[in-house]
Structure formats: C-alpha cells, structure tokens
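# Observations on the three-dimensional arrangement
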Amino acid sequence: MNIRKIVTLVEETLTEGGRPVEPNARVAVVAAVIENPWKGQGFVEDLSAGIDAAASRVGELLAPRVVKALGGTVEAYGKAAIVGLDGEIEHGSALIHTLKFGDHFRNAASATTLLPAVEKRGPAGVTFDIPLKHVTDATIRSHHQSIEVRLADAPHPGEIVIALAAAAQGRPQQRLAPLSTEQ
C-alpha cells in the first residue's frame, strides 16, 4: 500500500444557535490518500488481492489516529472512500466495507454498530460528507450528524481517499425526542 499523505482535521464547535456549547463539541477526521490498489488493471473481477493488501493496513493506521485526534471518548463515528477519476466506486467500497478495515475502528472506539459510510468518485478537491451515527445504538437521533471534508489536492486520478470520522458527542444543542416517542 502506497500512502501519499495523511490529513488530520479537528472541528470544535463553541456556540450553536447563539448559545454556548458546553462542553465544546469535537469532531475529528483522519484521511489517508493512498494509491488505488487496482490502478491501471482495467476491470478486475476478483478484488480480494487488493483488499488483502490494503484494507486492514489502512484501518490499522487510521483508527488510533482519529481516536487520538478527537482527544476523548468516541460516541459517534463514520467512514468514507473517495475514488479518483480513473478508479471505480467499487474500489473504495471494497476497502472500507470489510471487517478487515472496520473492525480496527470498532475496537478502538469500543463500538458495536455498523459504520455509516459515503463512497463516491471525484476529482482532486471534491467535497464529501461523512455521516456519523452512535457507536452502540444507531437509533440514537442525537448522534446522527455529518462532517464536510475536502482535500485540495486529492484524490489524484489513480488514488483513493480513505477517511474515518469520530465525534465526542451528538449534535450541538440537539433537541429531538428519542425515536421511542414515535412508536
């Protein structure tokens, strides 16, 4: 697996709706810009060799970094795969939709739910939103949120951006009733 760069972003919301957010709401993203393991191979029927070569390694690299960048307990999490224009969306999906990748983050975050995801193909500088859900109960509405990400020079046509996002809390000033109130 060839990594061109790793980018870490931390967003901290201090006020929302004109009121202080206490404690401040933190969301962290760590993204690796990697060479597409299937670059230049045309249509590949069996993606397992590329999955075996990269998925676990990139998950192992990103999971502890995003938890450290967050600086607190992970309450919500998500993932992304953004494929450069010469690749297929399936290439990104192959890397992030495997336990070889996701279990690194689930273990680091003491999580039990599926990781919500976004996959897309785009040019360098494409904007993408990473969806986040609660780490142990995807029905907890307060933690349904997203974070917008853009890397100015990635992905190049033969690259994939693989990113993890973690939040230390739900949305700032969330006021929605629990799902159980509608059942």
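Residues numbered from 1 in each chain as written. Predicted model: local features only at pLDDT ≥ 70, side-chain atom pairs only at ≥ 80, totals over all residues. Heavy atoms only, no water.

### Considering helix α3 (residues 99–108)
Applicable threshold: Exposed residues in this analysis have more than 50% of their type's maximum accessible area, buried residues have under 20%, and partly exposed residues fall in between, with area computed by a 1.4 Å probe over protein chains only. Where helices and strands are cited, they refer to DSSP runs of H or I of at least four residues and of E of at least two residues respectively, numbered from the N terminus. As used here, the arc belongs to the directions running from the helix axis to the C-beta atoms. Whether two residues are in contact is decided by their heavy atoms: any pair within 4.5 Å suffices.
Along α3, the residues that are buried comprise Phe101, Gly102, Phe105 and Arg106. Projected onto a plane normal to the axis of α3, the buried residues spread over an arc of 120° and lie on a single side. More than 90 degrees from the buried face of α3, the exposed residues found are Leu99 and Asn107. Among the structural elements, α1 (48–70), β3 (76–83), α2 (89–96) and β7 (159–167) are those in contact with the buried residues of α3. Two residues or fewer after α3 comes Ser110, characterised by a positive phi angle close to 50°.

### Digging into α1
An α-helical segment advances 3.6 residues per turn. Residues three or four places apart therefore align on the same side. For the record, the criterion: Multiply 1.5 Å by the residue count of a helix minus one, and that product is the helix's expected span. One axis is fitted to the seven residues ending at the residue and one to the seven starting there. The bend at that residue is the angle between these axes.
With 23 residues, α1 ought to run about 33 Å at 1.5 Å a step, and its terminal C-alpha atoms sit 32 Å apart, in line with that. The axis of α1 is deflected most strongly, by about 30°, at Ala54. All of the buried residues in α1 are Gly50, Ile51, Ala54, Ala55, Val58, Gly59, Leu62, Ala63, Val66, Ala69 and Leu70. Where α1 is buried, its residues contact β1 (3–16), β2 (19–35), α2, α3 and β7.

### A look at the pairing of β2
To be explicit about the condition: Two strands qualify as a pair provided DSSP detects at least 2 bridges between them.
As paired strands, β1 and β2 are joined by 12 bridges and run antiparallel to one another. Bridge pairing links Thr15 to Pro20 in β2. Between the antiparallel neighbours β1 and β2 lie 2 residues, among them Gly17 with a positive phi of about 60°. The sheet contact formed by β2 and β7 spans 9 bridges and is antiparallel. Among the inter-strand pairings, Val27 is bridged to a residue of β7, identified as Ala167.

### Focus: the packing of α1 against α3
Each packed pair of helices is defined by two parameters, the angle between the axes and the distance between the axes. Operational definition: Here an axis means a line fitted to C-alpha atoms, over the contact stretch when the element is a helix, while the angle between two N-to-C directions is reported on a 0 to 180 degree scale. Just so you know how the angles are binned, under 35 degrees is roughly parallel, over 145 roughly antiparallel, 65 to 115 roughly perpendicular, and the rest oblique. Handedness of each helix crossing follows the sense of rotation of the near helix against the far helix: counterclockwise by less than a right angle gives left-handed, clockwise gives right-handed. Each residue is assigned to one of three groups, with Ala, Val, Leu, Ile, Met, Phe, Trp, Tyr, Cys and Pro labelled nonpolar, Asp, Glu, Lys and Arg labelled charged, and all others, Gly among them, labelled polar.
Direction vectors running N to C along α1 and α3 enclose 20°, while the axes themselves pass 7 Å from each other. In this view, α1 runs roughly parallel relative to α3, as classed from their interaxial angle. Considering only the axes of α1 and α3, their crossing is right-handed. Two secondary-structure elements touch here, α1 through Ile51, Asp52, Ala55, Ser56, Val58, Gly59, Glu60, Ala63, Val66 and Val67 and α3 through Lys100, Phe101, His104, Phe105 and Ala108. Each residue belonging to the contact of α1 with α3 can be placed in one class, and the counts come to 9 nonpolar, 3 polar and 3 charged.

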